[in-house]
Amino acid sequence: MQENFRNNNKSREFPAHSAKVHSVAWSCDGRRLASGSFDKTASVFVLEKDRLVKENNYRGHGDSVDQLCWHPTNPDLFVTASGDKTIRIWDVRTTKCMATVSTKGENINICWSPDGQTIAVGNKDDVVTFIDAKTHRPRAEEQFKFEVNEISWNNDNDMFFLTNGNGCINILSYPDLKLIQSINAHPSNCICIKFDPTGKYFATGSADALVSLWDVEELVCVRCFSRLDWPVRTLSFSHDGKMLASASEDHFIDIAEVETGEKLWEVQCESPTFTVAWHPKRPLLAYACDDKEGKGLILGNGGIFRHYPLLVLRFLFSTSHHLLLHAEVKGCRL
């Protein structure tokens with residue numbers, strides 16, 4: 001696999017947003033990729049063979065779109081969380097906002113329950129609100145006394161997980177939201193959490209630059225990944241649960257083999273990476289990089305793009321001869 005990574009490489013570039021991209025996510029069927037940006041919009045691209053075609057740009061938020069996610073089983077619906085104290089549910093069939101739900105604070109994280117019935121959104125005041133996905137009304141609201149970072153249901157939909165600023169993973173029963181356990185996972189801020197598609201593991205990333213892999217049933221750490229030097233900002237498991245991507249302010253994305261912890265590959269980047277997302281059915285990774293230096297120009301057919309982060313596709317082949325794409329959003333340069 002490493003040899004195939006090494007020998008097969010090419011790239012294409014596509015305009016994406018007019019400012020930094022905060023979040024990327026694939027629809028459940030893998031046909032669409034959505035991105036949320038500091039430019040207050042979300043964009044949706046359609047994957048057609050070896051390229052992405054921009055389908056629509058979604059406007060309406062009054063502040064940065066900090067995170068988004070798709071409905072777990074309906075490939076036409078996605079939801080965005082914004083600093084404008086709202087979340088918006090969008091339908092790609094009509095390209096319109098289905099619902100706008102006001103919240104009590106500036107929203108920074110969001111997730112959709114595996115059964116599709118509830119949306120959880122967290123804000124900068126460490127309040128997590130659970131919203132009925134059909135009525136768009138709050139079902140419950142929890143104020144926490146610690147810094148809440150990323151939130152997620154487990155795959156079985158009966159537990160709710162939070163990572164916090166004390167290095168802990170808090171596990172609540174769902175839907176009654178009673179504390180089951182608090183795990184001291186890291187010696188410093190526990191930033192992100194992701195569950196693997198098979199339901200066997202979940203992974204956490206921390207400010208200590210470590211990625212921890214946890215057994216879901218036993219709630220014990222089975223191994224750590226320590227190749228990054230900066231706080232781990234984002235994680236994603238491949239569709240088969242065999243690979244784990246992790247990224248930080250290091251200028252590369254680490255691709256690890258889950259069962260051994262060994263490095264399979266590293267994807268070189270020109271700036272910090274804050275969001276990664278594996279395709280739900282293929283070995284295809286999308287990721288977005290910081291655009292601190294994205295003030296140059298790039299020459300394109302028919303014109304010049306100014307200050308536009310670009311969507312770059314890198315093509316590699318895995319040992320199973322499936323097409324492996326790396327999608328990166330980065331700043332333009334001459």
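Residues numbered from 1 in each chain as written. Predicted model: local features only at pLDDT ≥ 70, side-chain atom pairs only at ≥ 80, totals over all residues. Heavy atoms only, no water.

Colleague: I'd like a rundown of a negative patch on the surface, residues and numbers included.
Modeller: Taken together, the side chains of Asp 156, Asp 158, Glu 217 and Glu 218 make up a negatively charged region of the molecular surface. Inspection of the secondary structure assignment puts Asp 156 in the loop between β14 (148-153) and β15 (159-164). (Patch = residues over 30% accessible without salt bridge, like charges linked within 9 Å, V, L, I, M, F, W, Y side chains within 5 Å. Areas by Shrake-Rupley, 256 points an atom, 1.4 Å probe, with all protein chains shown as cover. Salt bridge = Lys/Arg side-chain N within 4 Å of Asp/Glu carboxyl O. Lys, Arg positive; Asp, Glu negative; His and termini not counted. Charge placed at Lys NZ, Arg CZ, Asp CG, Glu CD. Helix = DSSP H or I, 4+ residues; strand = E, 2+ residues; numbered from the N terminus.)

Colleague: Give a detailed account of the environment of Val 211, specifying residues and quantitative values.
Modeller: One can find Val 211 in strand β20 (residues 211-215). The exposure class assigned to Val 211 is buried, which follows from its relative accessible area of 2%. Residues Val 211 and Cys 190, spaced 21 residues apart in sequence, show a C-alpha to C-alpha distance of 9.7 Å. If we ignore the near neighbours within four places in the chain, the residues touching Val 211 are Ala 203, Thr 204, Arg 223, Cys 224, Phe 225, Val 232, Leu 235, Leu 244 and Ser 246. (Buried < 20%, exposed > 50% of the residue type's maximum accessible area, 1.4 Å probe, protein only. Contact = heavy atoms within 4.5 Å.)

Colleague: I'd like a description of the sheet that holds strand β11 (residues 118-123), backed by residues and values.
Modeller: Reading across the sheet, the 4 strands line up as β10-β11-β12-β13 and stay open at both edges, with antiparallel pairing between neighbours. Because the sheet does not close on itself, it has two edges, and the strands there are β10 (107-112) and β13 (138-143). Taking each pair of neighbouring strands and ignoring which way they run, the sheet shows an average axis angle of 15°. Pairing geometry for β10 and β11, over 5 bridges, is antiparallel. What sits directly across from Ile 110, in β11, is Val 121. (Pairing = 2+ DSSP bridges. Axes fitted to C-alpha atoms, helices over the stretch in contact; angles between N-to-C directions.)

Colleague: Go over the side chain of Arg 32 with me, naming the residues and quoting the values.
Modeller: The residue Arg 32 is located in strand β3 (residues 32-37) in this model. Judged by its relative accessible area of 8%, Arg 32 falls in the buried class. Only 2.8 Å separates the side chain of Arg 32 from the side chain of Glu 55, close enough to count as a polar contact. For Arg 32, the residues in contact, after removing those within four places along its chain, are Ala 25, Trp 26, Ser 27, Val 44, Phe 45, Val 46, Glu 55, Trp 70, Pro 75, Asp 76 and Val 92. (Polar contact = N/O pair within 3.5 Å; in protein donor to acceptor, adjacent residues only side chain to side chain.)

Colleague: Describe the packing of aromatic side chains, naming the residues involved and giving the relevant values.
Modeller: Summed over the entire model, instances satisfying the criterion amount to 14 aromatic pairs. An angle of 20° between the planes, with centres 6.4 Å apart, marks the rings of Phe 78 and Trp 90 as stacked. On the criterion of sequence distance, the pair formed by Phe 78 in strand β7 (residues 77-82) and Trp 90 in strand β8 (residues 86-91) is long-range, its members being 12 residues apart. Since its relative accessible area comes to 3%, Trp 90 is described here as buried. Summarising the aromatic geometry, the rings of Trp 153 and Tyr 174 are spaced 5.3 Å apart at their centres and angled 90° between planes, so their arrangement reads as edge-to-face. Taken together, the residues Trp 153 in strand β14 and Tyr 174 in the loop between β16 (168-173) and β17 (179-184) connect sequence positions 21 residues apart. Through a chain of ring-to-ring contacts, three or more aromatic side chains come together here, namely Tyr 58, Trp 70, Phe 78 and Trp 90. (Phe/Tyr/Trp six-rings, centres within 6.5 Å; stacked < 30°, edge-to-face > 60°.)

Colleague: Residue-level account of the UniProt feature "repeat: WD" (unreviewed entry) in the chain, with values.
Modeller: Sites flagged by UniProt as "repeat: WD" (unreviewed entry) map to residues 14-55, 58-100 and 183-217. Split by type, residues 183-217 is 0% helix and 54% strand. Its first and last C-alpha atoms lie 14 Å apart. (UniProt positions renumbered as here; feature names shortened; annotations may be inferred.)

Colleague: Please provide a residue-by-residue account of the pairing of β20, values included.
Modeller: Counting buried positions over the 5 residues of β20 gives 5, a clear majority of the element. Hairpin connection between strand β19 (residues 201-206) and β20: a loop of 4 residues separates the two successive antiparallel strands, and Ala 209 in this loop has a positive phi of roughly 70°. Examined bridge by bridge, β20 and strand β21 (residues 220-225) share 5 bridges and lie antiparallel to one another. Note that in β21 the partner of Val 211 across the bridge is Phe 225.

Colleague: Go over the sheet that holds strand β9 (residues 96-102) with me, naming the residues and quoting the values.
Modeller: By definition, the strands of a sheet pair up through backbone hydrogen bonds, in either a parallel or an antiparallel sense. One open sheet accounts for 4 strands, arranged β6-β7-β8-β9; its pairing is antiparallel. Strands at the two margins of the open sheet, each flanked by one partner only, are β6 (65-70) and β9. In this sheet, neighbouring strand axes are inclined to one another by 20° on average, regardless of whether the strands run parallel or antiparallel. Of the pairings in the sheet, the one linking β6 to β7 comprises 5 bridges and is antiparallel in character. From the neighbouring strand, Leu 68 faces β7, where its bridge partner is Thr 80.

Colleague: So, the nonpolar core: which residues are in play, and what are the values?
Modeller: Within the largest apolar cluster, 15 residues are counted, with the highest numbers of intra-cluster contacts made by Ala 203, Val 211, Leu 213, Phe 237 and Leu 244. Counting only elements with at least two residues in this core, the list comes to β18 (190-195), β19, β20, β22 (234-237) and β24 (252-257). Those residues in contact with Leu 213 that sit more than four places away from it in its chain are Tyr 201, Phe 202, Ala 203, Val 220, Cys 221, Val 222, Arg 223, Phe 225, Phe 237 and Val 258. (Core = buried A, V, L, I, M, F, W, Y, C linked by side-chain atoms within 4.5 Å.)

Colleague: How would you sum up the pattern of salt bridges? Please name residues and give values.
Modeller: Any two side chains of opposite charge can pair, on the condition that their charged atoms come close. Evaluated as defined, the whole model comprises 11 salt bridges. Its salt-bridge partner being Glu 141, residue Lys 104 comes within 3.0 Å of it at the nearest N-O pair. Taken as a pair, Lys 104 in the loop between β9 and β10 and Glu 141 in strand β13 lie far apart in primary sequence, 37 residues in all. Glu 141 sits in the partly exposed class, given a relative accessible area of 39%. With a shortest N-O distance of 3.1 Å, Lys 194 and Glu 150 are connected by a salt bridge. With Lys 194 in strand β18 and Glu 150 in strand β14, this residue pair connects regions lying 44 residues apart in the sequence. Since its relative accessible area comes to 13%, Glu 150 is described here as buried. It is possible to trace a salt-bridge network through shared partners that takes in Asp 76, Asp 91 and Arg 93.

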